[in-house]
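# Topology and contacts: notes
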Amino acid sequence: MKRKLLLLSVMVICIAIAAAGTLAFFNGDATAHNVITTGKVAIKVDEYAQYDAADTAKREEFTNNQTGIMPGTTVNKIVVVSGEDGTADAWVRVKFTKSIQLADGKQGEVNLDLIELNIDTSKWELKDGWFYYNAPVKANQEAAPALLSVQFDATMDNTYQGATATVDVLAQAVQCANNGTSAQTASGWPADGTKTG
């Protein structure tokens, strides 16, 4: 009898274990798809011979290869940086590089000080060779012009006849959000002389 009772107990335990293994529970799950897009800092540089901040119809683009420039002449070369198709406000800085290439057959030491850049230093502050704009540049809006004109010194002599002068402009931008209180205190600027993507 003990043996039958033991066998019956083992069978009950086996059935209980098997039944527990086949128990089903109701359950469910859910997901949420969240799209978060980061901001974009993008700038462009435009050059004008005539510039009107309020009326784009009165603007005239600057054309390269201007000829016949004489000593003592001022050339309108107005450089404007704007927040192109970005979505974020940006701190902006610009650097100007002057060069003079003498005409074929001409020799002499080039004096870059004979080319003077008229920069709006009331809105662009010089630090470490860069001019920093003193306000954020908003997406799709313009900063005040940085360069207003280029003056060729009246003391240029025959060494400069037929010479080619160039003024290159490099502009860089970094985000304003959580990045300093001005362009000069901002971090994350690209290495000197490199262009941003």
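In case you missed it, the structure is sitting above this.
Report on the accompanying structure. (Residues numbered from 1 in each chain as written. Predicted model: local features only at pLDDT ≥ 70, side-chain atom pairs only at ≥ 80, totals over all residues. Heavy atoms only, no water.)

Counting its regular elements, the chain contains one helix and nine strands. In the chain, the order of α-helices and β-strands from amino to carboxyl end is α-β-β-β-β-β-β-β-β-β. Per-residue burial for the chain yields a buried fraction of 30% across its 197 residues. Within the chain, counting contacts between residues at least 6 apart in sequence, those at least 24 apart form 76% of the total. For the chain, the exposed area adds up to about 13,500 Å²; of that, 52% sits on carbon and sulfur atoms. (Helix = DSSP H or I, 4+ residues; strand = E, 2+ residues; numbered from the N terminus. Buried < 20%, exposed > 50% of the residue type's maximum accessible area, 1.4 Å probe, protein only. Contact = heavy atoms within 4.5 Å. Areas by Shrake-Rupley, 256 points an atom, 1.4 Å probe, with all protein chains shown as cover.)

This next bit is on the nonpolar core. Of all hydrophobic cores here, the largest spans 30 residues; its most connected members are Val-92, Val-94, Phe-96, Leu-117, Trp-124 and Leu-147. Elements with a contribution of two residues or more to this core: strand E3 (74-83), strand E4 (90-101), strand E5 (115-119), strand E7 (130-133), strand E8 (147-152) and strand E9 (164-175). Ranked by residue count, the leading element in this core is E4, at five residues. In contact with Leu-117, other than residues within four places in its own chain, are Phe-96, Lys-98, Leu-147, Ser-149, Val-150 and Val-167. One finds Trp-91, Trp-130, Val-174 and Ala-186 within the second-largest nonpolar core, a separate group that totals nine residues. (Core = buried A, V, L, I, M, F, W, Y, C linked by side-chain atoms within 4.5 Å.)

Turning next to unusual backbone geometry. Phi at Asn-140 is positive, roughly 65°, even though this residue is not glycine. Looking at where Asn-140 falls in the secondary structure, it is placed in the loop between E7 and E8. Even without a glycine there, the phi angle at Asn-178 is positive, about 55°. Along the chain, the position of Asn-178 falls in the segment after E9.

Here we come to the pairing of strand E1 (residues 43-50). Two faces belong to every sheet, and in a regular strand the side chains alternate between them. Inspection of the sheet shows E1 paired to E3 by six bridges, in the antiparallel sense. Residue Glu-47 lies in a different strand from E3, and its bridge partner there is Val-79. Note: E1 against strand E2 (residues 60-61), two bridges, orientation antiparallel. From the neighbouring strand, Tyr-48 faces E2, where its bridge partner is Glu-61. (Pairing = 2+ DSSP bridges.)

Attention now goes to the environment of Glu-142. Along the chain, Glu-142 turns up in the loop between E7 and E8. In this structure the C-alpha to C-alpha distance between Glu-142 and Asp-46, which are 96 residues apart in sequence, comes to 9.9 Å. Dropping the residues within four chain positions of it, Glu-142 is found in contact with Tyr-48, Tyr-51, Arg-59, Val-80, Val-81 and Ser-82. At 2.7 Å, the side chain of Glu-142 and the side chain of Tyr-51 are in polar contact. A distance of 2.7 Å separates polar atoms of two side chains, one belonging to Glu-142 and the other to Arg-59. (Polar contact = N/O pair within 3.5 Å; in protein donor to acceptor, adjacent residues only side chain to side chain.)

Following the criterion strictly, the structure yields five salt bridges and no others. The shortest N-O distance in the salt bridge between Asp-120 and Lys-123 comes to 3.9 Å. The exposure class assigned to Lys-123 is partly exposed, which follows from its relative accessible area of 33%. (Salt bridge = Lys/Arg side-chain N within 4 Å of Asp/Glu carboxyl O.)

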